[in-house]
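The primary structure of each chain is shown beneath.
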Amino acid sequence: AQKVTQAQTEISVVEKEDVTLDCVYETRDTTYYLFWYKQPPSGELVFLIRRNSFDEQNEISGRYSWNFQKSTSSFNFTITASQVVDSAVYFCALRAVWSGYSTLTFGKGTMLLVSP
Amino acid sequence: DVKVTQSSRYLVKRTGEKVFLECVQDMDHENMFWYRQDPGLGLRLIYFSYDVKMKEKGDIPEGYSVSREKKERFSLILESASTNQTSMYLCASKPGQYSNQPQHFGDGTRLSIL
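Reading the values: rules and limits
Positions within a chain are numbered from 1, following the residues in the order the chain's sequence is written. As they are written, the chains are lettered A onward and the ligands numbered 1 onward, keeping that order. With pLDDT at 70 or above as the cut-off, local features in this predicted model cover only qualifying residues; side-chain atom pairs require 80 or more to be listed or tallied, and sums for whole chains, interfaces and linings still use all residues. With hydrogens and water set aside, each side-chain value is computed from the structure's full complement of heavy atoms. By the convention used here, residues are in contact when the closest approach between their heavy atoms is within 4.5 Å. Accessible-area loss on putting two parts together, using a 1.4 Å probe and summing over both, is the definition of buried area adopted here. Within this document, salt bridges are pairs made up of a side-chain nitrogen of Lys or Arg and a carboxyl oxygen of Asp or Glu, the two lying within 4 Å of each other. The secondary structure listing takes helices from DSSP runs of H or I that are at least 4 residues long and strands from runs of E that are at least 2 residues long, numbered from the N terminus. Residues are sorted three ways: Asp, Glu, Lys and Arg are charged, Ala, Val, Leu, Ile, Met, Phe, Trp, Tyr, Cys and Pro are nonpolar, and all the rest, Gly among them, are polar. Joining through side-chain atoms within 4.5 Å is the link that ties buried Ala, Val, Leu, Ile, Met, Phe, Trp, Tyr and Cys residues into a set, and such a set is a nonpolar core. Accessibility here uses a 1.4 Å probe with only protein chains present; expressed as a share of the type maximum, an area under 20% marks a residue as buried, one over 50% as exposed, and anything in between as partly exposed. When the sulfur atoms of two cysteines come within 2.5 Å, that pair is taken as a disulfide.

Chemist: How should the interface of chain A and chain B be read in this particular structure?
Modeler: With 21 residues of chain A at the interface, the matching set in chain B holds 25 residues. Here chain A packs against chain B, burying approximately 2000 Å² in sum over the two surfaces, 54% of which is carbon and sulfur. Summed over the shared surface of chain A and chain B, the result is zero salt bridges. Every element with two or more residues in the side of chain A that touches chain B is listed here: strand E5 (33-39), strand E6 (46-52), strand E10 (88-98) and strand E11 (101-106) of chain A. By residue number, the principal contributor to the side of chain A that touches chain B is E11 of chain A, which donates five residues. Partitioning the side of chain A that touches chain B into residue classes produces ten nonpolar, seven polar and four charged.

Encoded structure:
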């Protein structure tokens, strides 16, 4: 069975602080994909990043960075110098292969509130 | 850009009604998905479809059915709506089974069952 755990339900920071969102996953597959999505108050889920299990390189995109560590089954997301527009719910997800068809298993999400 | 359109942002229905939620995508994607999102529970997969007229149950299919008569459209049906189906419903699509592309989501439908 696949499982994604986002232990932080809600995080509050002040603008310009750095913040890290944790994601821990469980899977028996040797090949899998991990994703992060952002859900702003408007409701739509916006894709941020995909990482496959063979690529443990960390990635940086502007103020966003991701730290993938297979040894600890974690795929953490850091926002540097947070801004009010970063306020959203963030979901980590794992691509499962179930009954021959790939689906996503989502964590329960972390709500990030950035105050001015 | 991929566009996934859900027919309603907000919907209010009564207990026992048959409710249809519609989703259309414009990128010729083979796979389409319906999720519901509830506070503290995250997103849970209701049904998905890997091709026209094909469907598979997700984690919580009870009380729902789906229809995929055309590739671009995937409908979620609440056969007899109940108050515990009040939720946010999200539709998503992606290219075929072996594609590494992410799922693209619609804006969601906030459904209230009174």
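Chemist: I'm lost on the nonpolar core in this one. Help?
Modeler: One broad trend across soluble globular proteins is that nonpolar side chains are buried collectively. The biggest cluster of nonpolar side chains holds 23 residues, and the ones touching the most others in it are Trp36, Phe77, Tyr90 and Leu112 of chain A. Within the residue set of this core, elements represented by two or more residues are strand E2 (10-14), strand E3 (19-21), E5, strand E8 (64-69), strand E9 (74-79), E10 and strand E12 (110-115) of chain A. Among the elements that line this core, the one with the most residues is E10 of chain A, at four residues. Counting 20 residues, the second largest nonpolar core, distinct from the first, contains Phe74, Ala81, Cys91 and Ile113 of chain B.

Chemist: Whenever I open this one, the state of the cysteines confuses me. Can you help?
Modeler: As used here, a disulfide is simply a covalent bond connecting the sulfur atoms of two cysteines. As enumerated under the stated definition, the model contains two disulfides over all chains in all. Note on cysteine connectivity: Cys23 of chain A is disulfide-linked to Cys92 of chain A, with sulfurs 2.0 Å apart. Disulfide Cys23 of chain A-Cys92 of chain A: the torsion about the S-S bond is -65°, which places it as left-handed. In this pair, Cys23 of chain A sits in the loop between E3 and strand E4 (24-26) while Cys92 of chain A sits in strand E10, placing the two residues 69 residues apart along the sequence. The exposure classification of Cys23 of chain A matches that of Cys92 of chain A, with both residues buried. A sulfur-sulfur distance of 1.9 Å marks the disulfide that ties Cys23 of chain B to Cys91 of chain B. Given an S-S torsion of about -80°, the disulfide between Cys23 of chain B and Cys91 of chain B has left-handed geometry. On the criterion of sequence distance, the pair formed by Cys23 of chain B in strand E3 (residues 19-25) and Cys91 of chain B in strand E9 (residues 87-94) is long-range, its members being 68 residues apart. Across this residue pair, the class does not change: Cys23 of chain B and Cys91 of chain B are buried.

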